[in-house]
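Structural features, examined
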Amino acid sequence: GNMVEWCLPQDIDLEGVEFKSMASGSHKIQSDFIYFRKGLCFGLACFANMPVESELERGARMKSVGILSPSYTLLYRYMHFLENQVRHQLEMPGHYSHLEAFYDDKKGVLPDSKGTSTSQQPVHWLPSIHRYMYPEMKITHPAGCMSQFIKFFGEQILVLWKFALLRKRILIFSPPPVGVVCYRVYCCCCLANVSLPGLGGTVPESKPFFYVNVADIEMLETEVSYVACTTEKIFEEKRDLYDVYVDNQNVKTHHEHLQPLLKINNADKEKYRRLNDQRQMLMYSQEVGEDCSSCEEDLFILFFMEQNNRIFQTLMEVSASQDKTLTAEHARGMGLDPQGDRSFLMDLLEVYGIDVMLVIDNPCCT
């Protein structure tokens, strides 16, 4: 099995990290990177696999070198260092001087097991993801990560958007390599950004767990909302651990009341068309040199944030009105399909505790 070979500080609790930092099935690939969650911290590890002429190591030497931080938004900066170090550890096992120097240079304040600071210095925790303001959301990734996400899922991103906004437990399955799938977890969380003040104090936090495996089952049993990915097919059978299961482009749910949300309606198609139109305009402006400051990631995040803000702004205005009645006209104004999004709207009102009366009648026939 996997084992922790070396770490600093030596007294830190790293139970299970040896399975989080090396995805199940990684022996079939040469290299990968992996984001994961460990307690209150996030980790990034780089994995590499090198053939060796050793019976003891069964012809292959596999290692991961990783770091833990209270926030995942800065981890990408050290990707190159970790890639170099894992290669160094494969070729010269047991030489840790570079890692020691890195730790001494970068070490900050980590929480102890009770979640309190081990130093007098303040710890600046990032707020929960649905309260992130947009500039804090940066997690740099290969150019075109958002573009790949949109191309990979197509119109299905509107289905994922609804589940993310409803704070469902979303589990994404894929065989290794898992690095690109960790980015899908991030993109999925970006779908649910809302920047309106005072919204949803009681709403469950949408947590990006990134990579999870069977060692995380006990922890996942207690979660009411998360987005995660796994390489372990066994999870598909454990239906009590997730609400939405994503296998490649196939988004599915075993909850009957969520089944209507899997269907793409006309309003979804219109949103997808608008998103693509904006992307085309951005690409054109970059080609003619008018605008090099904007990037697709910004456009993607702002598109969904503005959509979400419009929905909640309308819902809060209606809930503050005298008759609290939400009509088909309101639904259309929010960019939703009055009929096709009826169950989505009902779930949304329940999850966010918004006091509104829905008067959109279901047609008897279509």
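Residues numbered from 1 in each chain as written. Predicted model: local features only at pLDDT ≥ 70, side-chain atom pairs only at ≥ 80, totals over all residues. Heavy atoms only, no water.

Here's the deal with the pairing of strand β7 (residues 244–247)
The side chains of a regular strand alternate, residue by residue, between the two faces of the sheet. Of the two faces of β7, both are covered, the one formed by V244 and V246 as well as the one formed by Y245 and D247. Of the strand pairs in this sheet, strand β4 (residues 169–173) and β7 are connected by four bridges, and their pairing is parallel. Counted as the bridge partner of F173 is D247 from β7. Here β7 folds back onto strand β8 (residues 250–253), and the loop between the two strands holds two residues, one of which, N248, carries a positive phi near 55°. (Buried < 20%, exposed > 50% of the residue type's maximum accessible area, 1.4 Å probe, protein only. Helix = DSSP H or I, 4+ residues; strand = E, 2+ residues; numbered from the N terminus. Pairing = 2+ DSSP bridges.)

Quick notes on the packing of helix α4 (residues 145–153) against helix α9 (residues 296–320)
It is the contact of α4 with α9, at a shortest axis distance of 8 Å, that shows an interaxial angle of 55°. Taken together, the axes of α4 and α9 are oblique relative to one another. The residues of α9 that touch α4, namely those facing M146, S147, F149 and I150, are E296, E297, F300 and I301. (Axes fitted to C-alpha atoms, helices over the stretch in contact; angles between N-to-C directions. Parallel < 35°, antiparallel > 145°, perpendicular 65-115°, else oblique. Contact = heavy atoms within 4.5 Å.)

Re the pattern of salt bridges
On inspection of all chains with the given rule, the structure shows 15 salt bridges. Residue D216 pairs with K20 through a salt bridge whose shortest N-O separation is 2.4 Å. Here D216, found in the loop between β5 (207–211) and α7 (217–220), pairs with K20, found in helix α1 (residues 17–20); they are 196 residues apart in sequence, far enough to count as distant. Across the pair R273 and E270 runs a salt bridge whose closest N-O atoms are separated by 2.6 Å. Within this pair, R273 and its partner E270 are both found in helix α8 (residues 266–287), separated by three residues, close to a single helical turn. (Salt bridge = Lys/Arg side-chain N within 4 Å of Asp/Glu carboxyl O.)

Re α4
One full turn of an α-helix is made of 3.6 residues, so residues set three or four places apart face in the same direction. Those residues of α4 not exposed but buried are C145, M146, S147, F149, I150 and F153. Check the buried side of α4 and you find it contacts α5 (156–165), α6 (179–190), β7, α8 and α9. After α4 finishes, the residue G154 shows a positive phi value of roughly 55°.

Structural notes on the confidence of the model for the chain
Averaged over the chain, the pLDDT score is 85; the fraction of residues at 70 or greater is 85%. Residue range residues 113–143 is modelled with pLDDT below 50. Its contacts to residues more than four positions away, or to other chains, number 66 contacts. (pLDDT = per-residue confidence, 0-100.)

Section: the state of the cysteines
For the structure on display, the rule yields zero disulfides. Counting only cysteine sulfurs, C229 is the nearest neighbor of C182, a cysteine outside any disulfide, at a range of 4.0 Å. (Disulfide = S-S within 2.5 Å.)

Things to note about the nonpolar core
Of all hydrophobic cores here, the largest spans 93 residues; its most connected members are F312 and L315. Each of domain 1 (17–100) and domain 2 (138–312) contributes no fewer than three residues to this core. Excluding anything up to four places from it in sequence, F312 contacts L165, V194, L196, L199, L348, Y352 and I354. L171, F173, F235 and L241 belong to the second-largest nonpolar core, a separate cluster that totals 12 residues. (Core = buried A, V, L, I, M, F, W, Y, C linked by side-chain atoms within 4.5 Å. Domains from an automatic or database assignment.)

What to know about the pairing of strand β6 (residues 226–230)
Of all five residues making up β6, five are buried, and the element is well covered by its neighbours. Of the two faces of β6, the one carrying Y226, A228 and T230 and the one carrying V227 and C229 are both buried. Where β5 and β6 come together, four bridges link them in parallel fashion. Looking across to β6, one finds that F210 is bridged to A228.

Comments concerning unusual backbone geometry
For the bond from L8 to P9, the omega torsion is -10°, close enough to zero to count as cis. Position of P9 relative to the elements: it lies in the segment before α1. Of the consecutive residues P176 and P177, the connecting peptide bond is found in the cis state with omega at 5°. Of note, P177 is situated in the loop between β4 and α6. Within the chain, R167 stands out as a residue other than glycine whose phi angle is a positive 60°. Structurally, the position occupied by R167 is in the loop between α5 and β4.

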